[in-house]
Amino acid sequence: MRITDNTRLIAILRNNEWSATRLSEASRHASAGAKVLAPSDDAAAYTTSARRGSTVANLSSRTRIARSAADELGVAERALDSATELLAEAKTLAIQGANETMSPNDRKALAMRVAGIRDQILELANTRGAGGYVFGGTRTDVPPFSPTGAFGGNDTETRIPVTDGVAPRKNVSGAKAFTAAGGTDVFAELNNLANALTTSNVTAIRTGIDTMQASHDQVVAIQVDAGLSMERLRSSADVLEAAGLTVAQSRSRDIGADDLAGMATELAAASSSYSQSLTVTKKLLSLPSLAQQG
Amino acid sequence: MGGLFSLMSLARDGIAAHSAALHVTGQNVAGANTPGYVKRTATLSSTVGGGVEMSAVARNFDRFTYSQLVDQSGRLAAATARATAISDVEVLATPASDHIGDRADALFDALHELALPPSSDSARASVLARAAWLAAGFSETADGLDAFRTELGTRASEVVGEVNDRLASLVMVDEGIVAARARGEQANDLIDTRDRLVKEIAERVGARAIDAPNGGITIFGAGTVLYEARKPTTLVSSLDIGGSLRIQSNREGVLTDVTKAIDTGTLAGIRQARDVDIPGLLDSLDAFAKDLADSVNAIHTTGFGLDGNSGRPLFTPSATVKGAAHAMEVDLSVRDHPERVAAAGAAADVPGGNDIAVKLSDLARAPLAGTGTAGERFAAFAGKVGVLRTVTRSDEEMRKDTVATATSLREGTSGVSTDEEMIQLQQFQRGFEASTRVLRTVDSLFDSIFQLVR
């Protein structure tokens, strides 16, 4: 084929364009640290990466919520722990009051302490967390227990789904912990014990020993449930976090973010190719011509 | 004496012929880089008296390579117009961050947050803000795609105007060529101009030229006769009732729809992107928006807000799939009312009930009303954009290569080689110098004869 100046120029321009495009792409990928930045870089990889990105976001969200729910349960669990200690103290006071050598005045002093314990437990039963009152069921906006100990909340469970089929309870049943729904009405029994101590009714005081033990056991049972839910949430959060990391790593592989060496190599090769192309261009443009011979 | 006069005449003819040939060479050198310029070759031939004359200036024109170049240029123009449009679409539809997929994830994250403290004002406000952000993502993307379509429509009108201008310019040029041919003259410059115009028309709407016996041409393109016998067809651009581009040919007052016959040139690329590719993406986006909004609404309407009321959608329901993305917005019944976001499954569970918030957040992993989760639907949409961009870019690259090849082939027959012209220059210069030497010799001989006579 006959070769003219423009034939050479066309080939040069086409090669330069190709080299410049390759260098531009390699620079873009290397500076961003990923081979797939847009769908057109690799539609299949981008699609997989987008799906995995959504999964990572979802896992991250669930991890965070599971940890928050566990923290919220921790607030309730600590309140129940304090309540069990107070109920144990009330039982001790009942045992002391049941001693027939104790004077009525001493029993009245014990009654005042039992009344104080009742008020403290009432305060604990109206504990507030980040989402409102923690023992009111779904009635989180008002104190679940009135000053008389009457329960105004409900026993509706709320759950947080963390993984498929796993949805630990995120609230604690105040009804089962402190009211007759759990078997013993804690506040009524504390009132009964205080009254028995005030009136020096030894028989009633002895009954109070048993009811304080029952109240204690009732609160402990709910505390254990709360602790278990808390642990389930925390262990689920750990599993979710690990799963999220694995998916995130897969995603990095999808978009080539794990191949920094490959990107650096391609950038070097593209840079070299572009330099070579320019060198060849320069040589071709400076080829001797009869027009330069004078 | 007669012999000397004859010799003088031969020298004069030689000077004239080589001077003209030098002019042709100079013209070639000057036109070497002019688009469409075809190398000329001076033909020197003997005269009856034994002298020389430049009998013709031939254009080194090859119909096959020229037709290939015109055809491939039209295909490249179509591929470039489509690839450029789709490149812009990719940037709009799948930005590096905060794309629709990210926004859907953000909404589900806010719904997760709502499930933890359903009575939280900030969690509720966050749900509304993220829902509005997602809706804006859909509507802005749909608006952007519509705006692209409008821009492409405007560009198509401009291209139609450019085609009409060139067809009009062709009349004078073609007339000049026919007239010159009738006078027995060559009109190489005009033919160069005409070929350039034909190529420019082909790049815009696709064209094929057929030579007429009188030197004129007939141009076929867009499924019709674009030019014949110095009568150009006018193209008219408009939109049909469906909003698609419509190109009509107006030949002597008769309007014919030629839209579907335009398969190469910039107009074909614009039409493919505007009326096939972008509407296809808009359909996917609309279906995604409607399925997502319907799925969210189906759950949200069953839930109860802090005010104990139910039956409110989160997104304004769209009656049709078409336009769902464009129309997507947070429903007026909940807009600016975070307390109306439904988180509880029963009025009695307000404010701490989170059944609905949990169900809504679970949508992140559940198939929407159509198929696939929100993340999968966005991935599929982005994949569609990516494949389209890859295909159009590959097509453009392939066309660039074929045009480069066609241009090289055309250069091989019709291009100017500076070195060849330099050789020709020296050849004709020497011929010119030799002729002047003959003339000087004759002049000297005449001097000798005149001195003898004295």
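## Examining the overall build of chain B
Here is step 1 of the chain: Scanning chain B from N- to C-terminus turns up ten helices and nine strands.
Here is step 2 of the chain: Its C-alpha atoms give chain B a radius of gyration of 37 Å, clearly above 22 Å, the size a compact globule of 454 residues would have.
Here is step 3 of the chain: Once the C-alpha set of chain B is aligned to its principal axes, its extents read approximately 140 × 45 × 30 Å.
Here is step 4 of the chain: Here chain B has roughly 19,500 Å² of accessible surface; of this, 55% comes from carbon and sulfur atoms.

## What about the nonpolar core?
Here is step 1 of the chain: Of all hydrophobic cores here, the largest spans 151 residues; its most connected members are Phe178 of chain A together with Phe138, Ile219 and Phe315 of chain B.
Here is step 2 of the chain: Sort the elements by how many residues they give to this core and helix H4 (residues 121-182) of chain B lands first, with 21 residues.
Here is step 3 of the chain: Excluding residues within four positions of it along the chain, phenylalanine 178 of chain A makes contact with Leu80, Ala83, Ile121, Ala125, Phe135, Phe145, Thr184, Asp185, Val186, Phe187, Gln218 and Val219 of chain A.
Here is step 4 of the chain: Listed in part, the five residues of the second largest apolar core include Ala21, Ala42, Val57 and Phe428 of chain B.

## A closer look at the sheet that holds strand S4 (residues 217-221) of chain B
Residue and element names in this part refer to chain B.
Here is step 1 of the chain: With antiparallel pairing, the four strands of this open sheet are ordered in space as S3-S4-S5-S6. Two strands lie at the open edges of the sheet, namely strand S3 (208-211) and strand S6 (231-232), each paired on one side alone.
Here is step 2 of the chain: As defined by bridge partners, S3 adjoins S4 across four bridges and the pair is classed as antiparallel. Note on S4: the bridge partner recorded for aspartate 211 is isoleucine 217.
Here is step 3 of the chain: Of the strands in this sheet, S3, S4 and strand S5 (224-228) are in contact with helix H5 (residues 188-205), which crosses S4 at around 10°.

## Some thoughts on the domain arrangement of chain B
Residues and elements named next belong to chain B.
Here is step 1 of the chain: Under the domain assignment, chain B is made up of domain 1 (2-60 + 415-453) and domain 2 (66-90 + 151-274).
Here is step 2 of the chain: Computed over C-alpha atoms, the centres of domain 1 and domain 2 are 42 Å apart.
Here is step 3 of the chain: Of the roughly 590 Å² buried where domain 1 meets domain 2, counting both sides, 30% is carbon and sulfur surface.
Here is step 4 of the chain: In terms of surface lost to domain 2, no three residues of domain 1 exceed Arg40, Val57 and Arg59, which account for 66% of the buried area on that side.
Here is step 5 of the chain: Connecting domain 1 to domain 2 are four salt bridges.
Here is step 6 of the chain: Between arginine 40 and aspartate 189 there is a salt bridge, and its shortest N-O distance comes to 2.5 Å.
Here is step 7 of the chain: Put simply, domain 1 and domain 2 have eight residue pairs in polar contact (both at pLDDT 80 or more) between them.

## Here we look at the domain arrangement of chain A
Here is step 1 of the chain: In terms of domain boundaries, chain A breaks down into domain 1 (1-31 + 260-294) and domain 2 (51-252).
Here is step 2 of the chain: Centre-to-centre, using C-alpha coordinates, domain 1 of chain A lies 75 Å away from domain 2 of chain A.

## Quick word on the side chain of aspartate 192 of chain B
All names here are of chain B.
Here is step 1 of the chain: Inspection of the secondary structure assignment puts aspartate 192 in helix H5.
Here is step 2 of the chain: Among the residues examined, aspartate 192 registers a relative accessible area of 7% and is labelled buried.
Here is step 3 of the chain: Discounting chain neighbours no more than four positions away, the residues touching aspartate 192 are Gly36, Tyr37, Val38, Arg40 and Arg59.

## Examining the packing of aromatic side chains
Think of a pair of aromatic rings as described by two things: how far the centres are apart, and how the planes are tilted against each other in angle.
Residue and element names in this part refer to chain B.
Here is step 1 of the chain: Taken as a whole and assessed by the stated rule, the structure comprises nine aromatic pairs over all chains.
Here is step 2 of the chain: Aromatic pair phenylalanine 61 and tyrosine 66: ring centres 5.2 Å apart, planes at 55°, arrangement tilted.
Here is step 3 of the chain: On the basis of relative accessible area, tyrosine 66 is assigned to the buried category, the value being 7%.
Here is step 4 of the chain: Seen from their ring centres, phenylalanine 138 and phenylalanine 288 are 5.0 Å apart, and the 75° between their planes marks the pair as edge-to-face.

## Here's the deal with the packing of helix H2 (residues 43-98) of chain A against helix H9 (residues 374-414) of chain B
Two quantities define a packed helix pair, namely the angle between the axes and the distance from one axis to the other.
Here is step 1 of the chain: Two elements in contact, H2 of chain A and H9 of chain B, have axes whose closest approach is 8 Å; the angle formed by their N-to-C orientations is 160°. As judged from the angle between their axes, H2 of chain A and H9 of chain B are roughly antiparallel. Considering the relative orientation of H2 of chain A and H9 of chain B, their crossing is right-handed. For the pair H2 of chain A and H9 of chain B, contact is made by Ala43, Tyr46, Thr47, Ala50, Arg51 and Ser54 of chain A and by Gly375, Glu376, Phe378, Ala379, Ala380, Ala382, Gly383, Gly386 and Val387 of chain B, respectively.
Here is step 2 of the chain: Per-class residue counts for the contact of H2 of chain A with H9 of chain B are eight nonpolar, five polar and two charged.

## Re the sheet that holds strand S7 (residues 234-239) of chain B
Strand pairing in a sheet relies on backbone hydrogen bonds, with the paired strands running either antiparallel or parallel.
Residue and element names in this part refer to chain B.
Here is step 1 of the chain: With respect to topology, three strands assemble into an open sheet ordered S7-S8-S9, the strand pairing being antiparallel. Every interior strand has two partners, whereas the edge strands, S7 and strand S9 (254-257), have only one. Along the sheet, successive strands turn relative to each other by an average axial angle of 30°, direction set aside.
Here is step 2 of the chain: Where S7 meets strand S8 (residues 245-251), six bridges bridge the pair, whose relative direction is antiparallel. Among the inter-strand pairings, threonine 234 is bridged to a residue of S8, identified as asparagine 250.
Here is step 3 of the chain: In the packing of helix H6 (residues 265-300) onto the sheet, contacts are made with S7 and S8, and the angle to S8 comes to roughly 145°.

## Some thoughts on the interface of chain B and chain A
Here is step 1 of the chain: In this complex, chain B contributes 59 residues to the contact, which on the side of chain A involves 46 residues.
Here is step 2 of the chain: Together chain B and chain A conceal approximately 4,100 Å² of surface at their shared face, both sides included; 51% is due to carbon and sulfur atoms.
Here is step 3 of the chain: Together, His112, Leu116 and Arg365 of chain B form the three largest contributors to the area buried by chain B at its contact with chain A, with a combined 16%.
Here is step 4 of the chain: Linking chain B to chain A there are seven salt bridges.

## Some remarks on the environment of leucine 13 of chain A
Residues and elements named next belong to chain A.
Here is step 1 of the chain: Relative to the elements of secondary structure, leucine 13 occurs in helix H1 (residues 5-32).
Here is step 2 of the chain: You can call leucine 13 exposed: its relative accessible area is 52%.
Here is step 3 of the chain: On a C-alpha basis, the gap between leucine 13 and serine 277 in space is 9.6 Å, while along the polypeptide they are 264 residues apart.

So, how was this worked out
- Residues numbered from 1 in each chain as written.
- Chains lettered and ligands numbered in written order.
- Predicted model: local features only at pLDDT ≥ 70, side-chain atom pairs only at ≥ 80, totals over all residues.
- Heavy atoms only, no water.
- Helix = DSSP H or I, 4+ residues; strand = E, 2+ residues; numbered from the N terminus.
- Rg over C-alpha atoms; globule rule 2.2 N^0.38 Å.
- Areas by Shrake-Rupley, 256 points an atom, 1.4 Å probe, with all protein chains shown as cover.
- Core = buried A, V, L, I, M, F, W, Y, C linked by side-chain atoms within 4.5 Å.
- Buried < 20%, exposed > 50% of the residue type's maximum accessible area, 1.4 Å probe, protein only.
- Contact = heavy atoms within 4.5 Å.
- Pairing = 2+ DSSP bridges.
- Axes fitted to C-alpha atoms, helices over the stretch in contact; angles between N-to-C directions.
- Domains from an automatic or database assignment.
- Buried area = accessible area lost by both parts, 1.4 Å probe.
- Salt bridge = Lys/Arg side-chain N within 4 Å of Asp/Glu carboxyl O.
- Polar contact = N/O pair within 3.5 Å; in protein donor to acceptor, adjacent residues only side chain to side chain.
- Phe/Tyr/Trp six-rings, centres within 6.5 Å; stacked < 30°, edge-to-face > 60°.
- Parallel < 35°, antiparallel > 145°, perpendicular 65-115°, else oblique.
- Left-handed = near helix turned anticlockwise from the far one by under 90°.
- Nonpolar A, V, L, I, M, F, W, Y, C, P; charged D, E, K, R; others polar.

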